[in-house]
Amino acid sequence: MTTSAPRAARPFLKWAGGKTQLLDALVARSPRPAGATYFEPFLGGGALFFALIADPERRPRRAVLNDLNRELITVFEAVRDDPERLAQRLEPLQRRYLAADDAGRAELYYATREQQPRDPLAVAVRLIFLNKTCYNGLYRVNRSGRFNVPHGRYRNPRILDCEALTAASLALRDAELRCEDFEQACAGACAGDFVYCDPPFLPVVAGFTSYTQADFGRDDQLRLKWCIDDLTRRGVRVMLSDSPHDFVQGMYEGSRYRLERLPARRMINSRGDRRGAVDELVVTNYDPASYAVALAPASSAKSSAK
Ligand SMILES: C[S@@+](CC[C@H](N)C(=O)[O-])C[C@H]1O[C@@H](n2cnc3c(N)ncnc32)[C@H](O)[C@@H]1O
């Protein structure tokens, strides 16, 4: 990967399940360097990717970044390949939005939400605009795949953040972007590579998993476990952050994996009363302490060494 990537690169979208709260703990548990090739099959906002790029000891040489959400990957491609034109298209939209009164803002929001552009740059502009102005920065689609989040209430949203776009573009310069199921996205990983998996949460009570038309349920969690078993057999280092749900924890306990429960805070939930402190289960197929300068002691989850 590039040696001149700026340290300031960070997620340019708000994304449900984004790892801001847990980031230091995840970076501390990531190999140094983060593999010959770094794979992030559930990219979302890409918080760990940007953090690793900014860490001289962990910066991967290559990165394969994937998400099943086609619109999201279109935004990443536009940021990587065409940040100037993206900024040129966002600037007038930002000006119009900020100059409008509440009714005018809502009208612009819903008119943009109705659009179904095909041109990739227009898709990227629309999604960034909606992400910055919708309720809570949520991404949610209905069964027909149409974005259906209501208008948000931010007073002064930063729709165009030139510095963030430029920094992200540089960080992404050599990244391969893909839009496929996680199994295919990890198929090319070899011994010495590092895969970080952050699938949609399996809700402990109930919650938000609709980033795409297809929900990520127990079958997918099981498929992911088999995929991680396979990667482990092939000598790939894997870190998974997932729901502390008994079903998920049960799959990894009592085998070759190390389990930790880390305190995290969910910043995005469609219901405010479900936002707040929730643990996150972190599973690794290697000893994370071997990469850490000083790791905080792990909490309650049973830890099973190889
Ligand atoms: C918890 S979010 C990832 C958040 C990310 N770590 C961040 O920093 O923002 C999970 C992501 O997985 C994606 N996803 C859902 N099902 C998938 C699948 N079968 N294969 C690949 N990606 C999938 C969703 O579109 C969503 O962006």
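To be clear, the structure that these remarks concern was listed above.
Note that the structure is a prediction, hence the values are computed from the model and not measured.

**Q** Account for the overall build of the chain, with residues named and values stated.
**A** What the chain contains, in helices and strands, is 10 helices and 7 strands. Counting every position in the chain, which comprises 306 residues, the buried fraction comes to 42%. Across the chain, contacts joining residues at least 24 apart in sequence account for 77% of those joining residues at least 6 apart.

**Q** Tell me about the nonpolar core, residues and numbers included.
**A** Val75 and Val195 are the most contacted members of the largest nonpolar core, which has 77 residues in total. The leading source of residues in this core is helix α2 (residues 47–53), at 7 residues. When residues of this core are assigned to domains, at least three map to each of domain 1 (20–70 + 170–291) and domain 2 (76–147 + 154–164). In contact with Val195, other than residues within four places in its own chain, are Phe39, Pro41, Cys186, Ala189, Leu231, Val236 and Val238.

**Q** Would you mind going over helix α4 (residues 83–99) in detail, with residue names and values included?
**A** For α4, with 17 residues, the first-to-last C-alpha span of 24 Å sits near the 24 Å given by 1.5 Å per residue. The complete set of buried residues in α4 reads Pro83, Leu86 and Leu90. Taken together, the buried residues of α4 touch α3 (70–81), α6 (120–133) and α7 (162–172).

**Q** Before we move on, could you go through the environment of Cys227 and cite the residues and values that matter?
**A** Tracing the backbone shows Cys227 in helix α9 (residues 218–233). With 22 C-beta atoms counted inside 10 Å, the residue Cys227 sits in the buried group. Separated by 45 residues in sequence, Cys227 and Phe182 place their C-alpha atoms 8.8 Å apart. If sequence neighbours within four positions are ignored, Cys227 has contacts with Phe182, Glu183 and Cys186.

**Q** Which residues make up unusual backbone geometry, and what values go with them?
**A** In the segment running from Arg32 into Pro33, the intervening peptide bond is cis, with an omega of -10 degrees. Mapped onto the fold, Pro33 is located in the loop between α1 (23–28) and β1 (37–40). Unlike most non-glycine residues, Asn136 shows phi in positive territory, near 65 degrees. Mapped onto the fold, Asn136 is located in the loop between α6 and α7. Residue classification places Asn136 among the buried residues on the basis of 20 C-beta atoms within 10 Å.

**Q** Can you break down the packing of helix α5 (residues 102–114) against α6 residue by residue, with the values?
**A** Packing of α5 against α6 leaves a shortest axis separation of 10 Å and a crossing angle of 140 degrees. Overall, the two elements α5 and α6 adopt an arrangement that is oblique. Read as a crossing pair, α5 and α6 show a hand that is left-handed. Along its contact with α5, which presents Tyr109, Thr112 and Arg113, the element α6 presents Arg126, Phe129, Leu130 and Thr133.

**Q** For the environment of Phe182, give the residues involved together with the corresponding values.
**A** Positionally, Phe182 belongs in helix α8 (residues 182–186). Remark: the alpha-carbon pair of Phe182 and Asp67, spanning 115 residues in sequence, is separated by 7.5 Å. Contact partners of Phe182, with chain neighbours within four places excluded, come to Pro41, Phe42, Asn66, Leu224 and Cys227.

**Q** Go over the pairing of strand β5 (residues 237–242), please, and point to the residues and values.
**A** Across the 6 residues of β5, 6 count as buried, placing the element largely inside the fold. A two-sided burial pattern is seen for β5, the buried positions comprising Arg237, Met239 and Ser241 on one face and Val238, Leu240 and Asp242 on the other. In this sheet, β5 lies alongside strand β4 (residues 194–197) in parallel orientation, the contact comprising 4 bridges. Residue pairing across strands places Tyr196 opposite Met239, the latter belonging to β5.

**Q** A description of the pairing of β4 should follow, citing residues and the corresponding values.
**A** What you see with β4 is no split at all: Phe194 and Tyr196 on one side and Val195 and Cys197 on the other are buried throughout. Of the pairings in the sheet, the one linking β1 to β4 comprises 2 bridges and is parallel in character. Paired with Phe39 across the strands is Val195, a residue of β4.

**Q** Pulling in residues and values, what's your account of the packing of α4 against α6?
**A** Between α4 and α6, the least distance of the axes is 10 Å, while the angle of their chain directions is 40 degrees. By the angle class used here, α4 and α6 are oblique. Note on packing geometry: the crossing formed by α4 with α6 is right-handed. Between α4 and α6, the residues in contact are Arg85, Leu86, Arg89, Leu90, Leu93 and Tyr97 and Leu121, Ala124, Val125, Ile128, Phe129 and Thr133, respectively. Here the contact of α4 with α6 is composed, by residue class, of 9 nonpolar, 1 polar and 2 charged.

Reading guide: rules and limits
- For every chain, the first residue of the written sequence is number 1, and numbering continues from 1 along that sequence.
- Note on the predicted model: pLDDT of at least 70 is required for a residue's local features to be given, and 80 or more for side-chain atom pairs to be given and counted; whole-chain, interface and lining totals, by contrast, use all residues.
- Runs of E in the DSSP output that reach at least two residues are strands. Runs of H or I that reach at least four are helices, and both are numbered from the N terminus.
- Put simply, a residue is buried when 20 or more other C-beta atoms lie within 10 Å of its own C-beta and exposed when 12 or fewer do; between those, it is partly exposed, and each C-beta is set from the backbone.
- Here, residue contact means that the backbone-derived C-beta atoms of the two residues sit within 7 Å.
- The term nonpolar core refers to a set of buried Ala, Val, Leu, Ile, Met, Phe, Trp, Tyr and Cys residues connected through C-beta atoms within 7 Å.
- In this document the domain limits rely on a domain assignment from an automatic tool or a database.
- Helix span, as expected, comes to 1.5 Å for every residue beyond the first.
- Each axis is a line fitted through C-alpha atoms, and for a helix only the stretch in contact is used; angles between axes span 0 to 180 degrees, taken between their N-to-C directions.
- Each angle is binned into one of four classes, with values under 35 degrees roughly parallel, values over 145 roughly antiparallel, values of 65 to 115 roughly perpendicular, and all other values oblique.
- Definitions for this section: a left-handed crossing has its near helix turned counterclockwise from the far helix by less than a right angle. A right-handed crossing has that turn clockwise.
- Each pair of strands is called paired provided DSSP finds at least two bridges between the two strands.
- Any residue that is not Ala, Val, Leu, Ile, Met, Phe, Trp, Tyr, Cys, Pro, Asp, Glu, Lys or Arg is counted as polar, Gly included; the first ten are nonpolar and the last four charged.

This is a description of form; function is not addressed.
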